[in-house]
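Spelled out from the first residue to the last, the chains are:
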Amino acid sequence: MSSVLTYVGLSMVLFVIGAVGVCLRRNAIVVFMCIEMMLNAVNLAFVAFSKLHGNLDGQVAVFFVMVIAAAESAIGLAIILSVFRNIESVETTDAGQLKW
Amino acid sequence: MFELLVLLIKVGFVLNIALVLGSLCTWLERKGSALIQDRVGANRAGAFVESDRWYLKPILPVIRMMGWLGVINTLLCDSLKGLWKEDFVPEGTSKFLHAVAPIIAVMPIMLAFAVLPLAPDFYLFGYRIHPRVAPIDAGLLFVLAMGSVAVYGVAIAGWTGNNKFSLLGALRAAAQMISYELPMGLVFVALIVVYGTLDVYSIVEQQGDLVLGFLPKWGVFMQPVGFVVLLLAGMAETKRGPFDLPEAESELAAGYFTEYSGMKFLLFWLGEFCEIALFALLLALLFFGGWQIPWVQLPEGVWWAALLGHFVLMTKVVFFCVLQIVIRWTLPRFRYDQLMNLGWKLLLPVSLANLVLTAIVKVLA
Amino acid sequence: MNVISFLIGMTAVVSGICVVGLRNPLFSAFALVVNLLAVAGLYASLDAHFLAVSQVVVYAGAIMVLVLFVLMLLNLKSESGRRLGFVRCATALVVGCMVVMSALPPILAHFSGMSSSTVSDNMMSSVGTVQAIGRELYTKYVAQFELASLVLLIGIVGAVMLAKRKNVELAPRPGGLVGGSK
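Residues numbered from 1 in each chain as written. Chains lettered and ligands numbered in written order. Predicted model: local features only at pLDDT ≥ 70, side-chain atom pairs only at ≥ 80, totals over all residues.

### Looking at the overall build of chain A
Note the cut-off: Strands are runs of DSSP state E lasting at least two residues, helices are runs of H or I lasting at least four, and both sets are numbered from the N terminus onward. The exposure label follows from counting other C-beta atoms within 10 Å of a residue's C-beta, where the C-beta atoms are placed from the backbone and the thresholds are 20 or more for buried and 12 or fewer for exposed, leaving partly exposed in between.
Of regular secondary structure, chain A possesses three helices and zero strands. Secondary structure elements of chain A, listed N to C terminal, follow the sequence α-α-α. Taken along the three principal axes of its C-alpha coordinates, chain A extends 55 × 25 × 15 Å. The burial tally for chain A puts 55% of its 100 residues in the buried class.

Right, dumping it as structure tokens:
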């Protein structure tokens, strides 16, 4: 059991790294990538818990998270692209206006 | 300990097969293109070699023959030339990524060989030997995954080139590889529907059966459309043949590896040829019965049957290598919109329809 | 957790730090690819074979290639402005750790109740082969599965709508060559 909980600890570390990245970085694409990393950390915890509980529900949940992440990345990158077209930058601090 | 030894031997064997097939393709490409274009091709290096050394005397005719056939030129001289060339790194890019890109381009292809069986299982000294490195359950998916990782080598190479042509080549290559992965994946799904497994070994085993009493249960008879789609998609994945837009020399200098020289450049080529061999192996295993000889039942688990099966498989693989090279030197290059149309508007709907049809037949039967 | 999965975990952590720490977004993206592949390796070591492979196909093979595409097309420079202050980093780290640590007690409380024999039984029975996952998806979770396909469809349509350039009326060039999106 302790060995599987190590994976949970690792997933926490990854989650914290991702969260710190979201807070610190200003490039929208890097922020997006950090969010992906946080999703992955949660997925890892799901798989570890699925292992502990002895059923596959956790793994199915990870599958759905992957589906959502794929859709989210398509939309998110499209949004970043259209922001870049308007303000010629992808830094979150530059996108401060509500209207242009 | 014995298991580890067997595993190491298997790794060496599979890598050897991959590299030998890759170099065979190199030679076939040089000599084959010469034949197709009505040239003579490489025939000098080593063809007139003379020596008084006693240990070279008996093999001199063989060396001369190899030289005359161009084997020495394409395999030995060219690689030596690559080793001695200046290793040029463009200014203003990451040296690390520039060095790592060819390795990333080759590695996934070598890894994909690990899940593919090269002969039927057999018993040796009472041990059952599986002639593949990693007998994993999701073998076909693994091949697909490695195909998608191979994009990175190309993308990094194009970016570290630090010029427009390299970057354009890399973008073209990435778009092309992703586009053609979809029909490939759908063909794999249709095959899984037919054979009910993702394990390549079990798929090949099932192809030894007969359908309708006389036809071998080969993939090409069960999935003729799938075979054509996978052949086209595989050639697009290798970025060759009529699909060599990423390295179109008349438009992009040399595409994503414009800035590469010496051994790094040769590594890209090696990867490309190994990918040809990989797809030939996939086609032979999935669609042409692997090591099965039609209407002949080889005894199971005997070493000579495994050896015979291996040679049968390799014959099929070489046939598909030759086929890909002939297509590459016969057809002119597509335009980019034609390439994308073929992928998205023809192959994708066709493979989808094929999958639905296969599923319906499977349910009804 | 044996030596190999420990090394893979360390790779994941180090590459994760690189994602946050490297200033060039392209290097961040490459680091994230390494991170995702490492997590795929961890899935494999947890017997989730299907997830390990689909992690490589979906994340490494599709999502990150898309990100790389965008990064290469935008040709961004390294992040401008002042360096990240130590105080800011430390504060973010401490706050993040506190948030995550608050989840730890319930987890430990939940699993400390399980006897080790049930756990080892459970570990045997949760091997995520393709067949097992497929059976779950197409029986127990079939409605969610179909909804997920709908989400993907909406994602495609939305991405196309967002990324489509409005007003692409490029004037014909004097030379006679017509530029434009068509």
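Now, onward.
### What about the packing of helix H4 (residues 95-113) of chain B against helix H5 (residues 139-160) of chain B?
When two helices pack together, you describe them by how their axes are tilted relative to each other and by the distance separating the axes. Residues and elements named next belong to chain B. The cut-off we apply is this: Axis definition: a line fitted to C-alpha atoms, limited for helices to the stretch in contact. Angles are taken between N-to-C directions and run from 0 to 180 degrees. Small angles under 35 degrees read as roughly parallel and large ones over 145 as roughly antiparallel, with 65 to 115 read as roughly perpendicular and the rest as oblique. In this scheme, a crossing is called left-handed if the near helix is turned counterclockwise away from the far one by less than a right angle; it is called right-handed if the turn is clockwise. Whether two residues are in contact depends on their C-beta atoms, placed from the backbone: they are in contact if these lie within 7 Å. Only Asp, Glu, Lys and Arg are considered charged in this grouping, and only Ala, Val, Leu, Ile, Met, Phe, Trp, Tyr, Cys and Pro are considered nonpolar; every other residue, Gly among them, is considered polar.
Their axes nearest at 8 Å, the elements H4 and H5 cross at an angle of 165 degrees. It follows that H4 is roughly antiparallel to H5 by the angle criterion. Where H4 crosses over H5, the handedness of that crossing is left-handed. For the pair H4 and H5, contact is made by Leu-97, His-98, Ala-101, Pro-102, Ile-104, Ala-105, Pro-108, Ile-109, Leu-111 and Ala-112 and by Val-143, Met-146, Val-149, Ala-150, Tyr-152, Gly-153, Val-154, Ile-156, Ala-157 and Thr-160, respectively. Partitioning the contact of H4 with H5 into residue classes produces 17 nonpolar, three polar and no charged.

### Thoughts on the interface of chain B and chain C
Of the residues lining the interface, 18 residues belong to chain B; the matching set on chain C comes to 16 residues. Of all elements in the fold, only H5 and helix H6 (164-195) of chain B reach the threshold of two or more residues within the side of chain B that touches chain C. Ranked by residue count, the leading element in the side of chain B that touches chain C is H5(B), at ten residues. In terms of residue class, the side of chain B that touches chain C is built from 16 nonpolar, one polar and one charged.

### Some points on the interface of chain C and chain A
Counting residues at the interface gives 65 residues for chain C, matched by 60 residues for chain A. Those elements that provide at least two residues to the side of chain C that touches chain A are helix H1 (3-21), helix H2 (25-45), helix H3 (49-74), helix H4 (86-101), helix H5 (104-112), helix H6 (116-125), helix H7 (130-139) and helix H8 (142-163) of chain C. Residue composition of the side of chain C that touches chain A, by class: 46 nonpolar, 14 polar and five charged.

### Side note on the environment of Asp209(B)
Residues and elements named next belong to chain B. Within the fold, Asp-209 resides in the loop between helix H7 (200-206) and strand E3 (210-211). We classify Asp-209 as exposed; it has 11 C-beta atoms within 10 Å. C-alpha of Asp-209 to C-alpha of Gln-297: the two residues are 88 residues apart in sequence and 9.5 Å apart in space.

### Overview of unusual backbone geometry
In this model, Asp38(B) sits at a positive phi of 60 degrees, which is unusual for a non-glycine residue. Within the fold, Asp38(B) resides in the loop between helix H1 (2-36) and helix H2 (60-69). In the Ramachandran plot, Asp47(C) falls in the positive-phi region, its phi being about 65 degrees despite a non-glycine side chain. Its location among the elements puts Asp47(C) in the loop between H2 and H3.

### Quick word on the nonpolar core
Inside soluble globular proteins, nonpolar side chains tend to come together where they are buried. How we decide: As used here, a nonpolar core is made of buried Ala, Val, Leu, Ile, Met, Phe, Trp, Tyr and Cys residues. They are joined through C-beta atoms within 7 Å.
By size, the foremost hydrophobic cluster in this structure holds 187 residues, and its most contacted members are Ala277(B), Cys321(B) and Met64(C). Those residues within four positions of Cys321(B) in sequence are excluded, and the remaining contacts are Leu21(B), Leu24(B), Cys25(B), Leu28(B), Ile276(B), Ala277(B) and Ala280(B).

### Some details on the arrangement of the chains
The interface with the most contacts, out of two pairs of chains in contact, is the one formed by chains A and C. Separating chain A from chain B is a minimum C-alpha gap of 14 Å, and the two share no contact.

### A closer look at the environment of Tyr260(B)
Residues and elements named next belong to chain B. Tracing the chain through its elements places Tyr-260 in the loop between helix H10 (249-252) and helix H11 (262-287). Taking the number of C-beta atoms within 10 Å as the measure of exposure, Tyr-260 has 25 and is therefore buried. As a C-alpha pair, Tyr-260 and Glu-247 span 13 residues in sequence and 13 Å in three-dimensional space. Not counting the four nearest positions on each side in its chain, Tyr-260 is found in contact with Ala-157, Phe-265 and Phe-268.

### Observations regarding the packing of helix H3 (residues 57-87) of chain A against H3(C)
Axis separation between H3(A) and H3(C) bottoms out at 11 Å; the angle between their running directions is 5 degrees. Here H3(A) is positioned roughly parallel relative to H3(C), judged by the angle of their axes. For the pair formed by H3(A) and H3(C), the contact residues are Gln59(A), Val62(A), Phe63(A), Met66(A), Ala69(A), Ala70(A), Ser73(A), Leu77(A), Ile80(A), Leu81(A) and Phe84(A) on the first element and Leu51(C), Ser54(C), Val58(C), Ala62(C), Ile63(C), Leu66(C), Val67(C), Val70(C) and Leu74(C) on the second. The class makeup of the residues in the contact of H3(A) with H3(C) is 17 nonpolar, three polar and no charged.

### Remarks on the confidence of the model for chain C
Residues and elements named next belong to chain C. What counts here: Each residue carries a pLDDT score, the predictor's confidence in it, ranging from 0 to 100.
Counting all residues, the mean pLDDT for chain C is 78, and 75% of those residues have values of 70 or more. No element of chain C has a lower mean pLDDT than H6, at 62, and none a higher one than H2, at 89. In the model, residues 176-182 has pLDDT below 50 throughout and makes seven contacts with residues more than four positions away in sequence or in other chains. Across the interface, the model reports ipTM at 0.88; the global pTM reads 0.84.

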